[in-house]
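# Structural overview for review
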Amino acid sequence: MSSKKTEFIVTDLISKIFQQKFWHNKLPTQRDLAAAYQVSRFTIQKALKRLEAIGLIESIQGDGIYIRERALGNPLISNSLTEVPYEDMESKLIYRKKVRPTAKLINIFNLAPDELVWEFRRLRIVRYEISQLETAWMPCRLFPELPREVIEDSVQNYVLEKKYKISHFMTNYRPAVLSREAAEMMNSKKGTPAMDIVSRGLLKDGTIFIYSRIKAIHYECTYIIPFNKDVYQSRRKQAAAKTGNHP
């Protein structure tokens, strides 16, 4: 887990980046940032590494640290895993099998009744600590084979290797607590606060290639999204119509 100082610096730099506080989209030097925040350069390096991991900045050797302009025009979502280097993460497969899909999975994947799906469960381990328990499904028609090493490495990389083009992930978050079964698998206690994360991965042609349910502990998530004036005004009008007040 990051220190409170690092968390503050990351959040403050993201805020200043979207406030366009940096001239020519270039951040101050590490030395200047350390002086401004009254911390060590090591703390600044940790903060910048996180911003680089989520794709907000890039370091150009001999030139400086620049803001990625493409990142400014899109919603920014960072979470506890996107900020962790791949070498500090690992996955451990619990099981993997082909199953007949439920009615819900048939609808999600738009399957024929006789088609099968892969079902697998894995633990996500971050810096030697179990942080997530994931159960996921993938259609066999897209992935006739799903090797163990893929699940324990990177499903997304496997999808790209199969020449599919990933478009979006649609994700829902809600607070939860660990069940007895989940707690036992995660070496935790029943009732531990967690995040229930449900996600669908979409290809460029709109096909769903994965559906997953995750129980996550020690989870943090940051959103930066554009303000939608039209949606805001529409909701205000609807509220005013119900109360008889003008927006």
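Below is a short write-up of the structure. (Residues numbered from 1 in each chain as written. Predicted model: local features only at pLDDT ≥ 70, side-chain atom pairs only at ≥ 80, totals over all residues. Heavy atoms only, no water.)

### Details of the overall build of the chain
Scanning the chain for helices and strands turns up 9 helices and 10 strands. Based on the C-alpha atoms only, the size of the chain along its principal axes is roughly 60 × 55 × 40 Å. A total of 247 residues make up the chain; the buried ones form 38% of that total. For the chain, long-range pairs separated by at least 24 residues make up 60% of all intrachain contacts whose partners lie at least 6 apart in sequence. On the chain, roughly 15900 Å² of surface is accessible, and the fraction owed to carbon and sulfur atoms is 50%. Looking at the chain, you have 40 positive and 27 negative side-chain charges, and the mean spots of the two groups are 6 Å apart. (Helix = DSSP H or I, 4+ residues; strand = E, 2+ residues; numbered from the N terminus. Buried < 20%, exposed > 50% of the residue type's maximum accessible area, 1.4 Å probe, protein only. Contact = heavy atoms within 4.5 Å. Areas by Shrake-Rupley, 256 points an atom, 1.4 Å probe, with all protein chains shown as cover. Lys, Arg positive; Asp, Glu negative; His and termini not counted. Charge placed at Lys NZ, Arg CZ, Asp CG, Glu CD.)

### Observations concerning the sheet that holds strand 4 (residues 89–99)
If you walk across this open sheet you meet the 6 strands as 4-5-6-9-8-7, and the pairing is antiparallel. Each edge of the open sheet carries a strand with a single partner, namely strand 4 and strand 7 (166–177). Adjacent strand axes in the sheet meet at a mean angle of 15 degrees when their direction is disregarded. Examined bridge by bridge, strand 5 (residues 117–126) and strand 6 (residues 129–139) share 10 bridges and lie antiparallel to one another. Its bridge partner lying in strand 6, Glu 119 is registered against Trp 137. (Pairing = 2+ DSSP bridges. Axes fitted to C-alpha atoms, helices over the stretch in contact; angles between N-to-C directions.)

### Examining the packing of aromatic side chains
Applying the stated criterion to the full structure yields 5 aromatic pairs. Taken together through their ring pairs, the aromatic side chains of Phe 143, Tyr 158 and Tyr 164 make up a single cluster. (Phe/Tyr/Trp six-rings, centres within 6.5 Å; stacked < 30°, edge-to-face > 60°.)

### Some points on the packing of helix 2 (residues 30–37) against helix 3 (residues 41–53)
Contact geometry of helix 2 with helix 3 gives a least axis separation of 9 Å together with a crossing angle of 105 degrees. In terms of orientation, helix 2 lies roughly perpendicular with respect to helix 3. When helix 2 is examined against helix 3, the residues Gln 30, Arg 31, Leu 33, Ala 34 and Tyr 37 are found in contact with a partner set consisting of Arg 41, Ile 44, Gln 45 and Leu 48. Across the contact of helix 2 with helix 3, the residue classes tally to 5 nonpolar, 2 polar and 2 charged. (Parallel < 35°, antiparallel > 145°, perpendicular 65-115°, else oblique. Nonpolar A, V, L, I, M, F, W, Y, C, P; charged D, E, K, R; others polar.)

### Digging into the side chain of Asp 196
Along the chain, Asp 196 falls in strand 8 (residues 193–203). With a relative accessible area of 3%, Asp 196 lands in the buried category. A polar atom in the side chain of Asp 196 sits 3.3 Å from the side chain of Arg 213. Apart from the residues lying within four places of it in its own chain, the contact partners of Asp 196 are Asn 172, Tyr 173, Arg 174, Ala 176, Arg 213, Ile 214 and Lys 215. (Polar contact = N/O pair within 3.5 Å; in protein donor to acceptor, adjacent residues only side chain to side chain.)

### Comments concerning the pairing of strand 1 (residues 57–60)
Sheet analysis places strand 1 next to strand 2 (residues 64–67), joined by 4 bridges and oriented antiparallel. Across the sheet, residue Ser 59 finds its bridge partner in strand 2, namely Ile 65. Taken together, strand 1 and the strand that follows it, strand 2, pair antiparallel across an intervening segment of 3 residues, in which Gly 62 is found at a positive phi of about 80 degrees.

### Description of the pattern of salt bridges
Counting across every chain of the model gives 11 salt bridges. Asp 63 is paired through a salt bridge with Lys 26; the nearest N and O atoms lie 3.7 Å apart. Placement of the pair is Asp 63 in the loop between strand 1 and strand 2 and Lys 26 in the loop between helix 1 (4–18) and helix 2, with a sequence separation of 37 residues. The exposure class assigned to Asp 63 is partly exposed, which follows from its relative accessible area of 39%. Note that Arg 174 and Asp 196 form a salt bridge whose closest N and O atoms lie 3.2 Å from each other. (Salt bridge = Lys/Arg side-chain N within 4 Å of Asp/Glu carboxyl O.)

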